[in-house]
Amino acid sequence: VEIVDRPIRVVYIDGYPRWEYRHLKDIIVREPSIRSATMMLAADRRYLQEGTEPLGAIPRTRDEWNAIDVIIMGDVRPSLFSEQQLDDLRSMIADRGGGLIWIGGPGYTPGAWRGTPASDLLPFSLAADGGSLATGGPRPWAGPVVMKAAPAASRYALLQLGESSADPWPGELSDPSLGWTTLRWAQRIEPAMLKPTTEVLATAHSAGGGTESAPLVMTMRYGAGRVAYV
């Protein structure tokens, strides 16, 4: 057990200036309990970066990866990393106890990561013949969805947005008639794809009604560390 009294060190890597990147980088830069570096990697390996502790480059050694507490991996092309870099990332999670948050996207995450050393860090399996023809990953929902907290969220004291513990996820947050509660795009990850130790923190439900649902936010232990997928 390592006890530290310092801000959490977070590195956020994404592939293009999508809404998630613009929103999340501002949150982690403003948060005083986080020391951050955010990098937007282009296909030609050029990058833009912001944050309180900018990096000169993507970590290249195990020691450089181990200097980070949490990696946020957005919709990034895995070919921008060497196999050794991905091996070291996996070791940082499994051996050092670091954290990894995946933020799925329509380009590369998760489908393009199939067969890489980092595919073990996904909380679900990618079938060789499944998913989108463009990315090899899960197909998107056909229309907007709303989110509901799953029972596992309460065990971790997450997604507790109500005014009392008796109502942690108010019903209006999943009411599509309000408009602002709907997610216009989401990946449809079937429950059968989940790895055995994966826990579902939130589920997606069609905004058009019906009983269809699928995991939307998942978490999984990996060695000494933990991964999450949104």
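Counting of residues starts from 1 at the beginning of each chain's written sequence and follows it residue by residue. Reporting of local features is limited, given that this is a predicted model, to residues whose pLDDT is at least 70; pairs of side-chain atoms are given and counted only at 80 or more, and all residues count toward the totals for whole chains, interfaces and linings. Only hydrogens and water are set aside; all other atoms, that is, all heavy atoms of the structure, feed into the side-chain values.

Caption draft 1: Spatial organisation of the pattern of salt bridges. Each reported salt bridge corresponds to a side-chain nitrogen of Lys or Arg within 4 Å of a carboxyl oxygen of Asp or Glu. For the structure shown, the criterion picks out 14 salt bridges. The partner of Lys25 in a salt bridge is Glu50, and the shortest N-O contact between them spans 3.3 Å. Taken together, the residues Lys25 in helix α1 (residues 19-30) and Glu50 in strand β3 (residues 47-51) connect sequence positions 25 residues apart. A residue is classified by how much of its surface remains accessible, and Lys25, at 13% relative accessible area, is buried. Connected through shared salt-bridge partners, Arg6, Arg9, Asp69 and Arg96 make up one network. Per the convention used, a helix needs a DSSP run of H or I reaching at least four residues, while a strand needs a run of E reaching at least two, with both numbered from the N terminus. When accessible area is computed with a 1.4 Å probe and restricted to protein chains, residues below 20% of their type maximum are described as buried, those above 50% as exposed, and intermediate ones as partly exposed.

Caption draft 2: Up close: helix α3 (residues 83-94). In a helix, the anticipated span is given by 1.5 Å times the number of residues less one. Across its 12 residues, α3 extends 16 Å between first and last C-alpha, which sits within 8% of the 16 Å expected from 1.5 Å per residue. Of all the positions in α3, only Gln85, Leu86, Asp88, Leu89, Ser91, Met92, Ile93 and Ala94 are classed as buried. By the convention used here, residues are in contact when the closest approach between their heavy atoms is within 4.5 Å. Looking at the buried positions of α3, the neighbouring elements they touch are α2 (62-66), β4 (70-73), β5 (99-102), β8 (213-222) and β9 (225-229).

Caption draft 3: Representation of the layout of surface pockets within the structure. Lining residues are those with an atom within 4 Å of a point, where the points come from a 1 Å grid over the protein atoms alone and group into cavities, where a 1.4 Å probe fits but cannot get out, or pockets, open sets with protein on both sides within 12 Å along at least five of seven lines. Grid points are joined across faces, edges and corners, and a volume is the space filled by probe spheres set on the points. Reported here for the largest pocket is a volume of approximately 1600 Å³. Taken together, 43 residues form the lining of the largest pocket, with Ile101, Ile103, Met147, Val217 and Val230 sitting closest to its centre. Looking at the lining of the largest pocket, the elements with two or more residues in it are β1 (8-14), α1, β4, β5, β8 and β9. Ranked by residue count, the leading element in the lining of the largest pocket is α1, at six residues. Classification convention: Asp, Glu, Lys, Arg as charged; Ala, Val, Leu, Ile, Met, Phe, Trp, Tyr, Cys, Pro as nonpolar; all other residues, Gly among them, as polar. Class assignment of the residues belonging to the lining of the largest pocket gives a composition of 33 nonpolar, seven polar and three charged. As a volume, the second largest pocket reaches approximately 250 Å³. Taken together, 14 residues make up the lining of the second largest pocket; nearest its centre are Asp69, Val70, Gly97, Gly98 and Gly99. Residues belonging to the lining of the second largest pocket are distributed by class as follows: five nonpolar, four polar and five charged.

Caption draft 4: Local environment of the nonpolar core. Buried Ala, Val, Leu, Ile, Met, Phe, Trp, Tyr and Cys residues form a nonpolar core when they are joined through side-chain atoms within 4.5 Å. Counting 33 residues, the largest nonpolar core has Ile71, Met73, Phe81, Trp102 and Leu121 as the members making the most contacts within it. Among the elements of the structure, β1, β2 (34-41), β4, α3, β5, β8 and β9 are those that each provide at least two residues to this core. Beyond its immediate sequence surroundings of up to four residues, Ile71 is in contact with Val11, Trp65, Leu89, Met92, Gly99, Leu100 and Ile101. In this structure, Ala152, Ala186, Ala204 and Leu216 belong to the second largest nonpolar core, which totals 13 residues.

Caption draft 5: How the structure looks around the confidence of the model for the protein chain. For the protein chain, per-residue confidence averages 90 on the pLDDT scale, and 93% of positions sit at 70 or higher. Mean pLDDT per element in the protein chain: β3 is the minimum at 75, and β5 is the maximum at 98. As a per-residue measure, pLDDT tells how confident the predictor is, with possible values from 0 to 100.

Caption draft 6: Structural view of the packing of aromatic side chains. What counts as a ring pair is set by centres within 6.5 Å for rings of Phe, Tyr and Trp (its six-membered ring), and what kind of pair is set by the plane angle: stacked under 30 degrees, edge-to-face over 60, tilted for all other angles. The tally for this structure, following the rule as stated, stands at four aromatic pairs. Relative to Trp113, the ring of Phe81 has its centre 6.0 Å away and its plane inclined at 45°; by these criteria the two rings are tilted. Of the two residues, Phe81 sits in the loop between β4 and α3 while Trp113 sits in the loop between β5 and β6 (145-149), which places them 32 residues apart along the sequence. The two residues Phe81 and Trp113 agree in class, both being buried.

Caption draft 7: Layout of the side chain of Ser36. Within the secondary structure layout, Ser36 lies in strand β2. The class for Ser36 is buried, based on a relative accessible area of 1%. Those residues in contact with Ser36 that sit more than four places away from it in its chain are Val10, Ile28, Val29, Gly51, Thr52 and Glu53.

Caption draft 8: Structural view of the environment of Arg188. Residue position: Arg188 is located in the loop between α4 (151-155) and β7 (199-206). Relative accessible area serves as the criterion here: at 23%, Arg188 is assigned to the partly exposed category. Separated by 49 residues in the primary sequence, Arg188 and Arg139 place their C-alpha atoms 5.7 Å from one another. Excluding anything up to four places from it in sequence, Arg188 contacts Pro138, Arg139, Pro140, Trp141, Glu212 and Ala214. Polar contacts here mean pairs of N or O atoms no more than 3.5 Å apart (in protein, one a potential hydrogen donor and the other a potential acceptor; neighbouring residues in sequence count only if both atoms are side-chain atoms). At a separation of 3.1 Å, a polar atom in the side chain of Arg188 contacts the side chain of Glu190.

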